[in-house]
Amino acid sequence: MVAAGKRSRPLLVLLAAEFGPRPAASDVVKAAVVVELTHVATLHHDDVMDEAALRRGSATANAAWDNSVAILSGDWLFPRASDLVADLGPEAVRIQARTFGRLVEGQIRETLGVAEGQDPLAHYLSVVADKTGSLIATSALFGARYAGAPDEVQESLRAFGEEIGVDHGGEQLRRCAVAHQAVGVAIEHHRCIGGVPIEDELQHVTDLRHVGRGELRFLVDVGKPTCGQQPVPLAQW
């Protein structure tokens, strides 16, 4: 928690609370802590799956210790969040459970990759909606709900949060587009080694070090270049 970071989810809780009559209610602050703990827990697990060495400018738990410690640290944060959300009432527990379910479903779909015949862009955006949009939507909903905002305001802010999350994924996609041309260049400079995933090769390329393995996997699925071939032009995505 002391590492650098935007803290955008708890900030959104506080901003959404301004739409209610009790923006400084203690439950609003508690809800903000819940979403940040949940987010940090998912990052621990993501970093293991992505084999990431840095997060927010600091060494990841898996880099500082090992994968087992990182996974267990994430597991430990989830019950801390659950303990707090229980104080907010049964509806908060239900919202948190459904949000967590979407987070996991998104991660599973990202891990499995694009199915044969499936639109890669539609797959990517569905992953983003669940992995990112779900918790941002809950952040906005929690802020409005525990500040006492009317039901229609809560729903409007929840939908707004979902859109922010998907747009965040769109920004990732735009970064992928910039990196896409580097994929073709990288293949020309790296031998195709049988049995070695292209993503593993690409992560050693300076221009692609800011791109996560999930994004690299998306690039490969969309227009996987092979030795001597050019990547699929962006206009054909």
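Cut-offs used in this document
- Every chain's residues receive numbers from 1 upward, in the order its sequence appears when written.
- Where local features are concerned, this predicted model is filtered to residues with pLDDT of at least 70; where side-chain atom pairs are given and counted, the filter is 80 or more; whole-chain, interface and lining totals use all residues.
- Here the side-chain values reflect all heavy atoms present in the structure, with hydrogen atoms and water set aside.
- Only Phe, Tyr and Trp rings take part, Trp by its six-membered ring, and two of them pair if their centres are within 6.5 Å. Stacked means planes under 30 degrees apart, edge-to-face means over 60, and tilted covers everything else.
- Under the scheme used here, helices are H or I runs from DSSP no shorter than 4 residues and strands are E runs no shorter than 2 residues, and both carry numbers assigned from the N terminus.
- Only Lys NZ and Arg CZ are tested; either one counts as a charge over a ring when it is within 6 Å of the ring centre and within 35 degrees of the ring normal.
- The term salt bridge refers to a pairing of a side-chain nitrogen on Lys or Arg with a carboxyl oxygen on Asp or Glu at a separation within 4 Å.
- Between buried and exposed lies partly exposed: a residue is buried under 20% and exposed over 50% of the maximum accessible area for its type, with that area taken using a 1.4 Å probe on protein chains only.
- What makes a patch is a set of residues exposed beyond 30% relative accessible area and free of salt bridges, joined within 9 Å when like-charged and within 5 Å when nonpolar (Val, Leu, Ile, Met, Phe, Trp, Tyr).
- Each accessible area value is a Shrake-Rupley result obtained with a 1.4 Å probe; residue values ignore everything except the protein chains displayed when judging cover.
- Only buried residues count toward a nonpolar core. Its members are Ala, Val, Leu, Ile, Met, Phe, Trp, Tyr and Cys residues joined through side-chain atoms within 4.5 Å.
- Two residues form a contact once any of their heavy atoms are found within 4.5 Å.
- N or O atoms within 3.5 Å of each other form a polar contact, as long as, within protein, one can give a hydrogen and the other can take it, and as long as residues adjacent in sequence are counted only when both atoms are side-chain atoms.
- To estimate how far a helix should extend, the number of its residues minus one is multiplied by 1.5 Å.
- Lines fitted to C-alpha atoms define the axes, with helix axes restricted to the stretch in contact, and inter-axis angles between N-to-C directions lie between 0 and 180 degrees.
- Should an angle lie under 35 degrees it is considered roughly parallel, over 145 roughly antiparallel, and from 65 to 115 roughly perpendicular; all remaining angles are considered oblique.
- Should the near helix be turned anticlockwise from the far one by less than a right angle, the crossing is termed left-handed; should it be turned clockwise, right-handed.
- Polar here means any residue outside two lists: the nonpolar Ala, Val, Leu, Ile, Met, Phe, Trp, Tyr, Cys and Pro, and the charged Asp, Glu, Lys and Arg; Gly therefore counts as polar.

Draft legend 1. How the structure looks around the packing of aromatic side chains. Counted under the stated rule, the structure contains two aromatic pairs. When the ring of F78 is compared with that of F100, the centres are 4.6 Å apart and the planes differ by 50°; the resulting orientation is tilted. Here F78, found in helix 4 (residues 67–86), pairs with F100, found in helix 5 (residues 90–112); they are 22 residues apart in sequence, far enough to count as distant. Just above the ring of W76 sits the side chain of R80; from NZ or CZ to the centre is 5.0 Å.

Draft legend 2. Representation of the pattern of salt bridges within the structure. Taken as a whole and judged by the stated rule, the model has nine salt bridges. Between D130 and R109 there is a salt bridge, and its shortest N-O distance comes to 2.6 Å. Taken together, the residues D130 in helix 6 (residues 120–146) and R109 in helix 5 connect sequence positions 21 residues apart. For D130, a relative accessible area of 9% translates into the label buried. Classification of R109 by relative accessible area gives partly exposed; the value is 27%. One network of salt bridges, in which partners are shared, links R102, R109, D130, E155, R158 and E162.

Draft legend 3. Structural context of a nonpolar patch on the surface. A grouping of L11, L14, V29 and V33 is seen on the molecular surface, where their side chains present a nonpolar patch of about 310 Å² in accessible area. Looking at the nonpolar patch, the elements with two or more residues in it are helix 1 (8–17) and helix 2 (26–50). Within the secondary structure, V33 is located in helix 2. By relative accessible area, V33 is classed as partly exposed at 36%.

Draft legend 4. Summary view of the nonpolar core. Ranked by internal contacts, the top residues of the largest apolar core, which has 24 residues, are V28, F142 and Y146. When near neighbours in sequence (up to four residues on either side) are disregarded, Y146 contacts R22, A25, D27, V28, A31, L88 and A92. If you look at the next biggest cluster of nonpolar residues, it comprises seven residues, including L12, I136, A140 and L157.

Draft legend 5. Layout of the side chain of T138. Counting through the fold element by element, T138 comes out in helix 6. A polar side-chain atom of T138 sits 2.6 Å from a polar atom in the side chain of T99. In contact with T138, not counting residues within four places along its chain, are I95 and T99.

Draft legend 6. Quick peek at helix 5. Over its 23 residues, helix 5 runs 33 Å from end to end, which matches the ideal 33 Å to within 8%, given 1.5 Å per residue. Looking only at helix 5, the buried set comprises A92, I95, Q96, T99, L103, G106, Q107 and E110. After helix 5 finishes, the residue G113 shows a positive phi value of roughly 85°.

Draft legend 7. Spatial organisation of the packing of helix 5 against helix 6. In the contact formed by helix 5 and helix 6, the axes pass within 7 Å of each other and the chain directions differ by 165°. Classified by the angle between their axes, helix 5 and helix 6 sit roughly antiparallel to one another. Handedness of the crossing formed by helix 5 with helix 6: left-handed. In terms of residue class, the contact of helix 5 with helix 6 is made up of nine nonpolar, eight polar and eight charged.

In short, shape yes, function no, at least from these values alone.
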